[in-house]
Amino acid sequence: ISSNADPAVFQQQWAEFKSDMQQWYGLTWTFTEPSNTVDFMDLTISIVDGKIETTIFEKSQNLYLYIPPHSSHPKGVLTGLVFGQVQNEN
């Protein structure tokens, strides 16, 4: 699919692609409309002037919570997280 194509051709190709994907192994796919920007895991990935740019993505409701000390993680994990955050702030 080329977004540089005629808009009518692009829409036809996009519709065919979505239809083809729905045939895979009985899975149901949810699509968003094509865009030059996507949030993926902790990144915002954009195509600007033909180049890929990334920035850190943070959810608006991010509470910046830490793993509780009584979790099943090894003791060094909590200490490492705290020291890592302190280093990132400096």
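One structure accompanies this document, and this report is about it.

## Focus: the environment of Pro-69
Working step 1: Note on placement: Pro-69 falls in the loop between strand E3 (51-56) and helix H2 (75-89).
Working step 2: Overall, the relative accessible area of 66% leaves Pro-69 in the exposed class.
Working step 3: C-alpha separation for the pair Pro-69 and Thr-79, spaced 10 residues apart in sequence, amounts to 9.4 Å.

## Notes on the sheet that holds strand E2 (residues 43-48)
To summarise the sheet geometry, strands pair through backbone hydrogen bonds and adopt either a parallel or an antiparallel arrangement.
Working step 1: Overall, antiparallel pairing links the 3 strands, which are arranged E1-E2-E3 in an open sheet. Looking along the sheet, the strands with just one partner apiece sit at the ends: strand E1 (37-40) and E3. Across the sheet, the mean angle from the axis of one strand to that of its neighbour is 25°, orientation sign disregarded.
Working step 2: When E1 meets E2, the two strands line up antiparallel, connected through 4 bridges. Among the inter-strand pairings, Val-38 is bridged to a residue of E2, identified as Ile-45.

## Some remarks on the pattern of salt bridges
Working step 1: What the rule picks out here adds up to 1 salt bridge.
Working step 2: Among the salt bridges present, the one from Lys-18 reaches Glu-33, with a minimum N-O distance of 4.0 Å. Highlighted residues: Lys-18 in helix H1 (residues 7-21) and Glu-33 in the loop between H1 and E1, separated in sequence by 15 residues.
Working step 3: Residue classification places Lys-18 among the partly exposed positions, given a relative accessible area of 25%.

## As for a nonpolar patch on the surface
Working step 1: A contiguous nonpolar surface patch, about 520 Å² in accessible area, is contributed by Trp-24, Tyr-25, Leu-27 and Trp-29.
Working step 2: With a relative accessible area of 33%, Trp-29 lands in the partly exposed category.

## Quick word on the pairing of E2
Working step 1: Here E2 runs beside E3; their pairing, made up of 6 bridges, is antiparallel. Its bridge partner being in E3, Thr-44 is matched across the sheet by Thr-55.

## Examining the packing of aromatic side chains
Working step 1: With the rule as written, the count across this model stands at 3 aromatic pairs.
Working step 2: Considering the side-chain rings of Trp-14 and Phe-17, the 5.8 Å spacing of their centres and the 20° angle between planes classify their relative orientation as stacked. One end of the pair, Trp-14, and the other, Phe-17, are both in helix H1, 3 residues apart, so they sit about a helical turn from each other.
Working step 3: The class for Phe-17 is partly exposed, based on a relative accessible area of 34%.

What counts and what doesn't
Residues numbered from 1 in each chain as written. Predicted model: local features only at pLDDT ≥ 70, side-chain atom pairs only at ≥ 80, totals over all residues. Heavy atoms only, no water. Helix = DSSP H or I, 4+ residues; strand = E, 2+ residues; numbered from the N terminus. Buried < 20%, exposed > 50% of the residue type's maximum accessible area, 1.4 Å probe, protein only. Pairing = 2+ DSSP bridges. Axes fitted to C-alpha atoms, helices over the stretch in contact; angles between N-to-C directions. Salt bridge = Lys/Arg side-chain N within 4 Å of Asp/Glu carboxyl O. Patch = residues over 30% accessible without salt bridge, like charges linked within 9 Å, V, L, I, M, F, W, Y side chains within 5 Å. Areas by Shrake-Rupley, 256 points an atom, 1.4 Å probe, with all protein chains shown as cover. Phe/Tyr/Trp six-rings, centres within 6.5 Å; stacked < 30°, edge-to-face > 60°.

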